[in-house]
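In case you want the letters, here they are:
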Amino acid sequence: MIPVKMLWAFFVFGLFLMSPALYAQEKQITGTITDQQGVPLPGVNILVKGTANGTQTDFDGNYAINAAPGQVLVFTYIGLKKEERTVGNANTLDLKMSEDAEALDEVVVIGYGAVKKSDLTGAVASVKERDLTSIPVTNALETMQGKVPGVDLTKSSGQAGAGLNFSIRGNRSLNADNGPLVVVDGMIYGSTLDVNPNDIASVEILKDASATAIYGTLGANGVVLITTKRGRSGKSKVSFNSYYSVQSLGGYADIMNGPEWVQLRRESRRTVGEWSSPADDANIFNPTQLENFQQGIWTDWADQLLGTGSQQNHQVSVSGGSEKTTYYFSMEYFREEGLLENDNLDRYSGRLTVDHKVLDNLKLSTNIMYTMKDHDRRRDPLNQANKMSPLGRPYDDQGDLITFPVGDSSTLNPLVDQLPGNYKDNEDNKRFFGNISLDWTPLENLTFTSRLGVDHMNFRRGVFSATNTLEVGADGLSLASAENGTFNRTTWENFANYTYTTGKHEISGLLGTSIWKTTEENYRAEGRDLASATMLFHNLGGLQTQIRVNSSLEEKQLASFFGRVNYKYADKYLVTLLMRADGSSVLAPGNKWGYFPSAALSWVLKEENFLKDSQTVSQLKARVSYGISGNSAVSPYQTLGSLSKSTYAYDRGTDETPAFGYYPSLIASNNLSWETTATTNLGLDFGFFNNRISGSLDLYQQNTSDLLMQRALPTSSGFSTAWDNIGKTRNRGLELYVNTRNIVSQDNGFGWSSDITFTTNKEEIRELPEGDRDLANGWFVGQPISSFYDYEKLGIWQLDEADQAASYGQEPGDIKVRDQDGDGVITPEDRVIIGSTVPDFTLGFNNRFSYRGLELNVFVYARQGQTIISEAAGSYKVDALENGPKVDYWTPENPTNAYPRPDAGTSRASTQYYSTLQYVDGSFVKIRDITLAYNFPQSLTEYLKISKLRCYATAKNYFVFSDIDPYDPERGGNLSFPMTRQLVFGINLEL
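Residues numbered from 1 in each chain as written. Predicted model: local features only at pLDDT ≥ 70, side-chain atom pairs only at ≥ 80, totals over all residues. Heavy atoms only, no water.

1. A short note on the overall build of the protein chain
Then step 1. Scanning the protein chain for helices and strands turns up 13 helices and 50 strands.
Then step 2. Since a compact globule built from 991 residues should have a radius of gyration of about 30 Å, the 32 Å found for the protein chain is in line with a globular shape.
Then step 3. The principal-axis extents of the C-alpha atoms in the protein chain amount to approximately 105 × 70 × 65 Å.
Then step 4. When the 991 residues of the protein chain are sorted by exposure, 49% land in the buried category.
Then step 5. Pairs at least 24 residues apart make up 68% of the contacts formed inside the protein chain by residues separated by at least 6 positions.
Then step 6. Accessible surface computed for the protein chain: about 44700 Å², of which carbon and sulfur atoms make up 54%.
Then step 7. Treating the 89 positive side-chain charges of the protein chain as one cloud and the 116 negative ones as another, the clouds have centres 8 Å apart. (Helix = DSSP H or I, 4+ residues; strand = E, 2+ residues; numbered from the N terminus. Rg over C-alpha atoms; globule rule 2.2 N^0.38 Å. Buried < 20%, exposed > 50% of the residue type's maximum accessible area, 1.4 Å probe, protein only. Contact = heavy atoms within 4.5 Å. Areas by Shrake-Rupley, 256 points an atom, 1.4 Å probe, with all protein chains shown as cover. Lys, Arg positive; Asp, Glu negative; His and termini not counted. Charge placed at Lys NZ, Arg CZ, Asp CG, Glu CD.)

2. Some thoughts on helix α8 (residues 287-294)
Then step 1. Inspection of α8 places Q289, L290 and N292 among the buried residues, and these make up the whole buried set. Down the axis, α8 shows its buried residues gathered within 165 degrees of arc, on one side only. Turned more than 90 degrees away from the buried face of α8, the exposed residues are P287 and Q294.
Then step 2. Those residues of α8 hidden inside the fold are in contact with α6 (258-271) and α7 (281-284).
Then step 3. Where α8 begins, one side-chain oxygen reaches toward the backbone nitrogen of T288, 3.1 Å away; that side chain belongs to N286.
Then step 4. Taken from the residues just after α8, G296 is the one with a positive phi, measuring 75 degrees. (Arc of directions from axis to C-beta. Polar contact = N/O pair within 3.5 Å; in protein donor to acceptor, adjacent residues only side chain to side chain.)

3. Describing the side chain of T121
Then step 1. Relative to the elements of secondary structure, T121 occurs in the loop between β9 (113-115) and β10 (124-127).
Then step 2. A distance of 2.8 Å separates a polar atom in the side chain of T121 from a polar atom in the side chain of T576.
Then step 3. Filtering out sequence-adjacent residues up to four positions away, T121 remains in contact with S210, L574, T576, A600, S602 and R623.

4. Considering the sheet that holds β10
Then step 1. Across the sheet, five strands lie side by side as β10-β15-β16-β13-β14; this open sheet has mixed pairing. One side of each edge strand has no neighbouring strand; the edge strands of this open sheet are β10 and β14 (187-188).
Then step 2. One ladder, built from two bridges, connects strand β13 (residues 181-184) with β14; its direction is antiparallel. Looking at β14, one finds that V183 is bridged to I188. (Pairing = 2+ DSSP bridges.)

5. Thoughts on a nonpolar patch on the surface
Then step 1. Together, F329, M331, Y348, L352, I368, Y370, M372 and F432 make up a nonpolar patch on the protein surface, roughly 650 Å² of accessible area in all.
Then step 2. For the nonpolar patch, the elements supplying multiple residues, two or more each, are β19 (325-337), β20 (344-359) and β21 (362-376).
Then step 3. Here the nonpolar patch takes three residues from β21, the largest share from any one element.
Then step 4. With respect to the helices, strands and loops of the structure, M331 is situated in strand β19. (Patch = residues over 30% accessible without salt bridge, like charges linked within 9 Å, V, L, I, M, F, W, Y side chains within 5 Å. Salt bridge = Lys/Arg side-chain N within 4 Å of Asp/Glu carboxyl O.)

6. Examining the pairing of strand β24 (residues 479-502)
Then step 1. Pairing of strand β23 (residues 446-465) with β24 involves 20 bridges; the strand directions are antiparallel. In the strand pairing of β24, D455 is matched with R489.
Then step 2. Both β24 and strand β25 (residues 505-528) contribute to a ladder of 24 bridges, which runs antiparallel. From the neighbouring strand, A496 faces β25, where its bridge partner is L511.
Then step 3. Linking β24 back to β25 in an antiparallel pair, the connection comprises two residues, with G503 at a positive phi of about 60 degrees.

7. Some points on the environment of A633
Then step 1. Residue placement: A633 occurs in the loop between β29 (617-631) and β30 (642-652).
Then step 2. It is 21 Å that separates the C-alpha atoms of A633 and G150, two residues lying 483 residues apart in sequence.
Then step 3. Each residue touching A633, except ones within four places of it in the same chain, is listed here: A176, D177 and L708.

8. Section: the sheet that holds strand β5 (residues 72-77)
Then step 1. Spatially, four strands are ordered β3-β2-β5-β6 in an open sheet, and the strand pairing comes out antiparallel. Across the chains shown, the open sheet's two edge strands, defined by having one partner strand only, are β3 (54-56) and β6 (80-86). Neighbour-to-neighbour, the strand axes of this sheet turn through a mean angle of 20 degrees, independent of strand direction.
Then step 2. Strand direction decides the pairing type here: strand β2 (residues 45-48) and β5, joined by four bridges, are antiparallel. Across the sheet, the residue bridging to I46 is F75, located in β5. (Axes fitted to C-alpha atoms, helices over the stretch in contact; angles between N-to-C directions.)

9. Quick word on the nonpolar core
Then step 1. If you look at the biggest cluster of nonpolar residues, it comprises 27 residues, and the most contacted ones within it are L264, F285, Y876, Y889 and Y899.
Then step 2. Among the secondary structure elements, those contributing two or more residues to this core are α6 and β42 (815-817).
Then step 3. With three residues, the top contributor of residues to this core is α6.
Then step 4. If we ignore the near neighbours within four places in the chain, the residues touching F285 are W261, V262, R265, L290 and L391.
Then step 5. Grouped together as the second largest cluster of nonpolar side chains are 25 residues, V182, M187, Y189 and V224 included. (Core = buried A, V, L, I, M, F, W, Y, C linked by side-chain atoms within 4.5 Å.)

Have a look at this one:
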């Protein structure tokens, strides 16, 4: 803050030196800026023309600026026409700004350029800046959940720094990568986005081939374009954004308590005749557990482990510049603490962008970001906590941890990893991501860009686990390992954009080349029985046994040529033609190059005479596109074949000496080529009643062929699998986005707008190499890639069904499944598709309310029709040797149809049709976020000498509705690292 104060001091001193006459001429101009409907516009830029003197409107559209009579005020706002007003004698200047289609359209970014929104021919969705910063997130991509149709996104877990499960328009590939391409300021970034949302200006999602084909193989699964903020000429602007949140358990399965597990254990022994009354308890519990039960001592181990976490983020940015040079600088600190002790992430990042006009037609730009992450991971202790006997105490009377708390020498306390020095899993990651570019405009309509980018990462991960920890087990040898690696991607792109307009005709062209190379190098060492636990993983020379060393180098390259032509006639007929050629090093010689064309047509019906003067229809455009994209997302060297290491032993008398050899493990794939996807898209963009209702509708079909996958080989070949281009998949879907301005203006200043998104996608396999099914991988023609194939559970055999159960070799209390073919015998052929992880549809419903300085945002997200494998439902311990989730199991006195009878004479592995218990309906509806914010009035901000002050509170993930309550199905069925809910408090401040 000191430099800012010094700047203010110099500024005041400069005013003091001005001539009295000039000083006397200036006066304060105040006013209110609204749109044509009278809705106040916050964030309108007001600049005294020819000076650096500027300001912005507050939330209520009010502003104040010093200017002299005769000077010109320039008003600008994204999507509205620029206005200029000359200062007169009045001290008040109010203004209504009108929509400017061209200005609004300029914010849409596409590959290697930007176009007007009205000129888009492909399926492109945009995320507004206000949505990017509306909720606190670790990964900025998370803000797209439910807000962009066609994007299926869930958080992978509640672990600190957890990633995202993310796809656009479904999965296409069986073995190759299905993740979309993420591009930040023109450079490939990666799915874990460390860019602070406050630094992001816009996000565009390219979905159909007409939009994605410009990225060729890289864009086969969709593209996310992220454009970060840059400096603007004018006075320096300082922003500070900060929040702190408390994280608590969002939802978890009910685990049996002490009395419930005792009853389960009794029932399991009663089934085999070993228990008939509490007098037999001594025969089924060890002395420690029996004593604890009799004294009413039992422990909820998961509750002991799961505490309260937190998130905090602090970001400051400074931007500004002159007409020749502009800059944007920001720094960020982020920390997340998970629900488990020693599960935390610290992230530090800094970002700098500079744009400098060397000449009127030559500009140099740079964008640099440096990120450091210190990540402590926790080995999942909940599996141990959920299965061990609850009849134990975690601590003794002195408060010391009891290593073996349930009376045996093999069952470890799940809290042992929390003892100081017992367990450490730490990753240190440093990343430099930046580019430098040159933009040259030799002719008025021709711009040439050359951009060089570097993405360099250093990482180190070390793990240490002492004896009597969950990793090594009871009395096991300590384990230590360390991995060091570097990743480097260098990108060089050169492209030119040309635009020509004559009469009603407008044509623009893009021609360019791109080359990039990635190199990843890793070194790893591990072993057991470390000489001293104090060494952790920092001195692997202290390892004494089972020492292993490994290293690897992986390189791949891509060269590309691309071109695009856009043609527009009379602002209502548009054509886009595109071609890209990619050469990938990972494919076989002779098949490295792929060619990917696309074409798109648009018809702006609103410009036709029969709609041009319509007061009802304010926007209407039809779109159709077709294109082919490629995928080469397989690991390098798959075409070459590979060797694997084998250990041999030679007998030399009484000693055996180990020796190592190598054998062919992967056959060369000499014909491996491109996986291709042909996409057809039909779209309609609409707006009614002066865009009070607006949105878009898209229908699409994607046919993917020549899938990159491994096929089975005859064992006589000496190999089990080989890479090949075989198989087909298809995705068909509908995407709908609707924005409504429900209440535009009221005398009391109340406003209400809504966003609705709806997505349905049918994913199916169309062809497999071995008939209509691949049981080894769980793939079936006509079904989604991730499908569940099993027996259909009908319930539990009841006492009055004993004879019928006996005909199937079962008895009352056993799991009852459907005899699909009715032949009186249950065989593997009676298995059917139980469900899929692909939802029938997803829905997002966002509502924004405003009243004077108050804002209320409520976002609801729904995911319906998905089946998940529930770890809780599938962890019922039928033999009661271990604990597990609380379930409704069958007994003669409780004839339920949920779970089979406890039986100490069997196990999960030997219980018929046990796997049918694990499939559950994972549909859910959640109130994803509720945010209440207040923008302080201008009178206060002026008094504090600041431009903006906003405080907010957010309840995140607090309300979840599903059939498996209290568990949050977004976790996908796993019990490790459960989902969290957050209560967030934040502040936004601008100077």
